[in-house]
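Each chain is listed here by its residues.
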Amino acid sequence: MTILDGKQTAAQWRADITHRVHELAPLYGGRTPKLAAVIVGDDPASVTYVNLKQKACAECGIRSTVKRLPADSTQQQVREAVRRLNANSDIDGIIVQQPLPPHIDSKDLLLHISPKKDVDGFTPDNIGRMALGLDCMRAATPAGIVELLRRNGITTRGKRVAVIGRSNIVGRPMASMLLEKSEMGDATVTVCNSSTPDLKEILAGCEIIISAAGCPGLVQADMVAEGAVVVDVGTTRVADPSRRSGYRLAGDVDFDAVAPKCSYITPVPGGVGPMTIASLLHNTLTAFVRRRRRTL
Ligand code: GUN
């Protein structure tokens, strides 16, 4: 069994991105890419994620800024913040950190982010283009998972893959990518959800399992075939009084029981999380290059 070390793989990817940022800067008058994050309220996990994203940007030579809005902001105020970032020619990439307060309609906001700056790859334009196999900004977490597999020599062509979860952030775009006609696609994909009655039988018949359900302990050893590749996207905060923070991050997979059966498995934390951040940096660099090309 080999641990799919997202920390190490993401560090390699970030090194490639850093190299490219420094290589391109002199060609664009010393200018480097810039990411803007919008955060509404003070959800602790969101604040932590945005801080990690800013730190990763700085390490790669990508500039970043955070627009913090109060938790009681109106839909119109958040929309206006996004609109200003769309219009700001110094900004290459925009993310609106989720989850948003319950009174904010995140689907409506997606209609207002410029697809060219949508480095999360969440807008209808980018999701639709990806589903059609057109050039687009690819959804950051699934693209990070594909890169984690690719950089560790795991291909999906001809494999049976189960995706657990059908969220717009992970499950759906992940399934689309796995269906693409490429070495890192060409999979036979089953997308499962909380109503799937025979989850155990489906998972047991798959060479690759990607779980993004947000249910700690969902994937147990008797559900996983010998030699399977298991990618755990779950990051649920569970109370842990032994930690200074009072919580720990739990994946969907019962790691200790499942790992001995796997050929490869991601840990939580240190698996998919760092790859998502590297993917976001990659998309920001791509958005920067495409915008500059258009204005040259
Ligand atoms: N919340 C959880 N994952 C993500 C992500 O990839 N992007 C944004 N914007 N919010 C998230």
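Each remark here, short or long, concerns the structure printed above.
So, how was this worked out
- Residues numbered from 1 in each chain as written.
- Predicted model: local features only at pLDDT ≥ 70, side-chain atom pairs only at ≥ 80, totals over all residues.
- Heavy atoms only, no water.
- Helix = DSSP H or I, 4+ residues; strand = E, 2+ residues; numbered from the N terminus.
- Polar contact = N/O pair within 3.5 Å; in protein donor to acceptor, adjacent residues only side chain to side chain.
- Near = heavy atom within 4 Å.
- Pairing = 2+ DSSP bridges.
- Disulfide = S-S within 2.5 Å.
- Buried < 20%, exposed > 50% of the residue type's maximum accessible area, 1.4 Å probe, protein only.
- Axes fitted to C-alpha atoms, helices over the stretch in contact; angles between N-to-C directions.
- Parallel < 35°, antiparallel > 145°, perpendicular 65-115°, else oblique.
- Contact = heavy atoms within 4.5 Å.
- Core = buried A, V, L, I, M, F, W, Y, C linked by side-chain atoms within 4.5 Å.
- Phe/Tyr/Trp six-rings, centres within 6.5 Å; stacked < 30°, edge-to-face > 60°.
- Lys NZ or Arg CZ within 6 Å of the ring centre and 35° of its normal.

K.L.:
Requested: an account of the side chain of Q75, with residues and values cited.
P.N.:
Note that Q75 resides in helix α3 (residues 75-87). One polar contact links the side chain of Q75 to the main-chain amide nitrogen of D105, over a distance of 2.7 Å.

K.L.:
Let's hear about the site of the ligand: which residues, and what values?
P.N.:
Taken together, K53, V96, Q97, Q98, D120, F122 and T141 form the complete shell of residues around the ligand. At 2.9 Å from a nitrogen atom of the ligand is found a main-chain nitrogen or oxygen belonging to V96. Q97 places a side-chain nitrogen or oxygen 3.4 Å from a nitrogen atom of the ligand.

K.L.:
Break down the sheet that holds strand β6 (residues 188-192) for me, with residues and values.
P.N.:
Strand order across the open sheet formed by six strands is β1-β11-β8-β7-β5-β6, with parallel pairing between neighbours. Strands at the two margins of the open sheet, each flanked by one partner only, are β1 (2-3) and β6. One ladder, built from two bridges, connects β1 with strand β11 (residues 262-265); its direction is parallel. Paired with T2 across the strands is Y264, a residue of β11.

K.L.:
If you had to explain the state of the cysteines to someone new, which residues and values would you point to?
P.N.:
Scanning all chains against the criterion turns up zero disulfides. For the unlinked cysteine C60, the closest cysteine sulfur is that of C57, found at 7.5 Å. A relative accessible area of 1% places C60 in the buried class.

K.L.:
If you had to explain the packing of helix α5 (residues 124-131) against helix α7 (residues 171-179) to someone new, which residues and values would you point to?
P.N.:
Contact geometry for α5 and α7: axes closest at 9 Å, N-to-C directions at 30 degrees. As far as their axial angle goes, α7 and α5 are roughly parallel. Residues I127, M130 and A131 of α5 form the contact with α7, whose own contacting residues are P173, S176 and M177.

K.L.:
Give a description of the sheet that holds strand β2 (residues 34-40) that names residues and reports values.
P.N.:
Strand pairing in a sheet relies on backbone hydrogen bonds. The paired strands run either parallel or antiparallel. Reading across from one edge, β3-β2-β4 is the order of the three strands in this open sheet, with parallel pairing throughout. Both edges of this open sheet fall to β3 (63-69) and β4 (93-96), since each of them pairs with a single strand only. Averaged over all adjacent pairs, the angle separating strand axes in this sheet is 15 degrees, with direction ignored. Packing against the sheet, helix α2 (residues 44-60) makes contact with β2, β3 and β4, and its axis sits at approximately 160 degrees to β3.

K.L.:
Quick rundown of α7? Include the residues and the values.
P.N.:
Residues of α7 that are buried: G171, P173, M174, A175, M177 and L178. Where the residues of α7 are buried, they touch α5, α6 (140-151), β5 (160-164), β6 and β7 (208-211).

K.L.:
I'd like a description of the nonpolar core, backed by residues and values.
P.N.:
In this structure, I17, I145, L149, I210, V231 and V233 are the most contacted members of the largest nonpolar core, which totals 52 residues. Here this core gets ten residues from one element, more than from any other, and that element is helix α10 (residues 272-295). Setting aside its immediate chain neighbours within four residues, V233 contacts T141, I145, V170, I210, S211, A212 and V272. By size, the runner-up hydrophobic cluster in this structure holds 18 residues, among which are I164, C206, I209 and V224.

K.L.:
Describe the pairing of β7, and please don't skip the residues or the numbers.
P.N.:
A two-sided burial pattern is seen for β7, the buried positions comprising I208 and I210 on one face and I209 and S211 on the other. Inspection of the sheet shows β7 paired to strand β8 (residues 228-232) by four bridges, in the parallel sense. Following the sheet pairing, I209 is matched in β8 by V230.

K.L.:
Report on the packing of aromatic side chains, specifying residues and quantitative values.
P.N.:
Tallied over the entire structure, the rule returns one aromatic pair. Aromatic side chains Y28 and F288 sit 5.2 Å apart centroid to centroid with 80 degrees between the ring planes, which places their arrangement in the edge-to-face category. Of this pair, Y28 sits in the loop between α1 (6-24) and β2 while F288 sits in helix α10; the two residues are 260 residues apart in sequence, bridging distant segments of the chain. Between R237 and the ring centre of Y247, over which it is positioned, the NZ or CZ distance is 4.0 Å.

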